[in-house]
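# Architecture and fold: a report
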Amino acid sequence: MQNIYDDMNKLITNLNKEDVVVKFKEINKEIHKEENKELYGKIQEFQSINLEINNYSMMGENIPENIENRSKELYNELIKNEIALKYFEKEMELTNLITNLNTSLLKEISKIYEV
């Protein structure tokens, strides 16, 4: 049983060396600097609002106009900021990597249950 945990630790080590992860950590560190505190707050607000929008959409409900307008307003502001743009780009790359890894793992796990 220890072998599988050793393999998982190797995977985690390799994941942390992956260029996508390294670059995301760099930009994530950048936006957490004191001089980017306001920017980070706007990124968090934008992400929170978009989660709320997704929830409305998944429930088949109309998105309140004030929420949709605030999302657009923040988006238009954030895309003008080089650091924010880079953060979103690297976050998307990281999300894609994680999604691909999860898909591969879950595909193999589902085979365990096949008859």
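Quick notes on the rules
Residues numbered from 1 in each chain as written. Predicted model: local features only at pLDDT ≥ 70, side-chain atom pairs only at ≥ 80, totals over all residues. Heavy atoms only, no water. Phe/Tyr/Trp six-rings, centres within 6.5 Å; stacked < 30°, edge-to-face > 60°. Helix = DSSP H or I, 4+ residues; strand = E, 2+ residues; numbered from the N terminus. Buried < 20%, exposed > 50% of the residue type's maximum accessible area, 1.4 Å probe, protein only. Patch = residues over 30% accessible without salt bridge, like charges linked within 9 Å, V, L, I, M, F, W, Y side chains within 5 Å. Areas by Shrake-Rupley, 256 points an atom, 1.4 Å probe, with all protein chains shown as cover. Salt bridge = Lys/Arg side-chain N within 4 Å of Asp/Glu carboxyl O. Expected span 1.5 Å × (residues − 1). Contact = heavy atoms within 4.5 Å.

## A look at the packing of aromatic side chains
Counted according to the given criterion, the structure contains four aromatic pairs. Taken together, the ring pairs connect Phe24, Phe46, Tyr75, Tyr87 and Phe88 into an aromatic cluster.

## So, the environment of Asn9
For Asn9, the location among the structural elements is in helix 1 (residues 2-17). The class for Asn9 is partly exposed, based on a relative accessible area of 45%. A C-alpha to C-alpha distance of 19 Å links Asn9 and Thr99, two positions 90 residues apart in sequence.

## Concerning a nonpolar patch on the surface
Where nonpolar side chains cluster on the molecular surface, the patch consists of Leu105, Leu106, Ile109, Ile112 and Tyr113 and spans about 580 Å² of accessible area. Mapped onto the secondary structure, Leu105 falls in helix 5 (residues 82-112).

## Considerations on helix 2 (residues 19-31)
With 13 residues, helix 2 ought to run about 18 Å at 1.5 Å a step, and its terminal C-alpha atoms sit 19 Å apart, in line with that. Summarising the contacts, the buried residues of helix 2 are in contact with helix 1, helix 3 (37-58) and helix 5.

## Concerning the environment of Thr103
Inspection of the secondary structure assignment puts Thr103 in helix 5. Separated by 78 residues in sequence, Thr103 and Lys25 place their C-alpha atoms 23 Å apart.

## As for the pattern of salt bridges
Counted by the stated rule, this structure contains ten salt bridges. Ionic pairing is found between Lys90 and Glu89, a salt bridge with its closest N-O pair at 3.4 Å. Exposure remark for Glu89: the relative accessible area of 43% places this residue in the partly exposed category. A salt bridge links Glu108 to Lys111; the shortest N-O distance between them is 3.1 Å. Within this pair, Glu108 and its partner Lys111 are both found in helix 5, separated by three residues, close to a single helical turn. The class for Glu108 is partly exposed, based on a relative accessible area of 44%. Residues participating in the shared-partner salt-bridge network are Glu38, Lys42 and Glu77.

## Some thoughts on the side chain of Asn36
Counting through the fold element by element, Asn36 comes out in the loop between helix 2 and helix 3. The class for Asn36 is buried, based on a relative accessible area of 9%. For Asn36, the contacting residues outside a window of four places in its chain are Glu30, Ile31 and Ile83.

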